[in-house]
Amino acid sequence: MKNLLLLLVLPFAILTACSSSASENEIDTIVFSDAGWDSIKIHNHIAARIIEEGYGYQTDIQSGSTAVTHQGLRDGDIHINMEMWTDNIKELYEESTELGLIETLSINFNDNETGIYVPTYVIEGDVERGIEPFAPDLKTVEDLKNYPDVFADPENPNKGRILSAPTGWQVEEQMSDKIDFYDLEETFNFFKPGSDAAIIADIARAYEAGEPWVGYYWSPTTVSAKYDLTLLEEAPYEEEIWEETRGTAFPPNDVVIAVNADFPELVPEVTSFLENYQTSSELTEEALKYMDENEASAEETANWWMEEHKDIWTNWVPEDIAEEVLDSLE
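Residues numbered from 1 in each chain as written. Predicted model: local features only at pLDDT ≥ 70, side-chain atom pairs only at ≥ 80, totals over all residues. Heavy atoms only, no water.

1. Examining the environment of Arg 205
Spelled out, the test is: Secondary structure is summarised from DSSP: a helix means a run of H or I of at least four residues, a strand means a run of E of at least two, and numbering begins at the N terminus for each. Type-normalised accessible area, obtained with a 1.4 Å probe on protein chains alone, sets the label of each residue: buried when under 20%, exposed when over 50%, and partly exposed for intermediate values.
Within the fold, Arg 205 resides in helix H7 (residues 196-209). In this structure Arg 205 comes out as partly exposed when scored by relative accessible area, which is 43%. Separated by 99 residues in the primary sequence, Arg 205 and Trp 304 have C-alpha atoms spaced 29 Å apart.

Have a look at this one:
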C-alpha cells in the first residue's frame, strides 16, 4: 500500500516541481533600464506603452548608473535596455555578449554624432542676440590652437579650457589622447567634469550668457536639440588611425536595444516587436525638443511622439496589436 501511495504521489510531486519551476521562469513585469538621460526615458515609455496596451504585460523602470543598470541586465533583474551606447562601454558590452549574458535585438539609431563642439554663435555670431563671431575661421579641432584666448580658462586665463568627458567614462581617455594628437595641451587646460550633468550645466551657463565654450559632447540629447551647436571637423574615421592616435573623427556608435539573454525565449512576441524597433537621431531629438519646450514628462512626450508618428511605430507590431495601442491613445 505504501509503495502504491508512493507511486501515486511521485508523479504529482514531479508535476508540482515542474510547474513551480516554469512559474519561476515566467515574466509578469517587464523591467526597463533607466541610466538617467532623457532620451532613454522617452524610448522606455514608448516601448512600455506598446508592451502594456498591446501585449498585456505590466512594466516597470529601474533607475541607476550605466554600470549598475548594465549589471542588472546581465543578472536578469532588468530585462530591456532601450538605448545602450555600445562604444561608450565597449569592453563591457562585448564581454556581456560573448558570455551569453545579454542579447542585442536591434539598432535603435546609429546616426548620432560625438566629438568636440562649440556653440554656433562662436563661429557665425548671432544677430538676434547681438553676438559678434568670436572665431570666424574656426572649422576644425586643430584650428583650436589659434584661439586659446577665446576659450580662456577662468582659473588660468593664460590658457584656454576644453571640457572633457566625465571622469570614468571610456571616452575620457580617448579625448585625452586626442588632445595630445592635436598638440593642444600647450595652449589649453583639459578640464574633466565629474558627470554629464556638470557638462550640461556648463554648456547651458555659457550659452545663455552668449559666451564661448568648447568641449566634448554628443547627440541626440536635450542640449543638442535645444541649443545650436557645431561639431568641429576632423579627418573621417579610419579604424587603424583611430586605434593608433585618435586622430580622426569618433567611430560610429551603434545605440542598440539589448535584453537579458533569457528574455527572447520567455517573451518571444515582445522580442519580435523590439527587433523591429528603430528610430533615428532626428526623431529622438524631435521628442527631446518637445519635452523641453513643453516641460513635459517622458511619458507625456512618448504619448505625443506616438500620436505624431503612427506611421512609424505601427509597423513594428502586428496589425491587431497596433489597433489595441491606437485605441489606448484616444
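2. Side note on the side chain of Lys 178
As a reminder, the rule being used: Contacts are residue-level and defined by heavy atoms, with any inter-residue pair within 4.5 Å sufficient.
Positionally, Lys 178 belongs in helix H6 (residues 170-181). Residue Lys 178 is classed as buried on the basis of its relative accessible area, which comes to 0%. Those residues in contact with Lys 178 that sit more than four places away from it in its chain are Ile 116, Glu 234, Trp 242, Arg 246, Thr 248 and Phe 250.

3. Focus on the pattern of salt bridges
The criterion, for reference: The rule for a salt bridge is simple: a side-chain nitrogen of Lys or Arg has to be within 4 Å of a carboxyl oxygen of Asp or Glu.
One pass over the structure, following the stated rule, counts twelve salt bridges. The salt bridge partner of Lys 145 is Glu 142, with a shortest N-O separation of 3.8 Å. What makes Lys 145 partly exposed here is its relative accessible area of 32%. If you follow the salt bridges from partner to partner, you end up with Arg 161, Asp 202, Arg 205 and Glu 211 in one network.

4. Describing the packing of helix H2 (residues 38-55) against helix H13 (residues 298-308)
Where we set the bar: Fitted lines through C-alpha atoms give the axes, limited to the stretch in contact for helices. The angle between two N-to-C directions lies from 0 to 180 degrees. Handedness of each helix crossing follows the sense of rotation of the near helix against the far helix: counterclockwise by less than a right angle gives left-handed, clockwise gives right-handed. Three classes are used: nonpolar for Ala, Val, Leu, Ile, Met, Phe, Trp, Tyr, Cys and Pro, charged for Asp, Glu, Lys and Arg, and polar for all others, with Gly counted as polar.
In contact at an axis separation of 8 Å, H2 and H13 are set at 65 degrees when each is read in the N-to-C sense. Of the two elements, H2 crosses H13, and the hand of that crossing is right-handed. Contacts from Lys 41, Ile 42, His 45, Ile 46, Arg 49 and Ile 50 of H2 reach H13 at Ala 298, Glu 299, Thr 301, Ala 302, Asn 303, Trp 305 and Met 306. Tallied by class, residues from the contact of H2 with H13 come to seven nonpolar, three polar and three charged.

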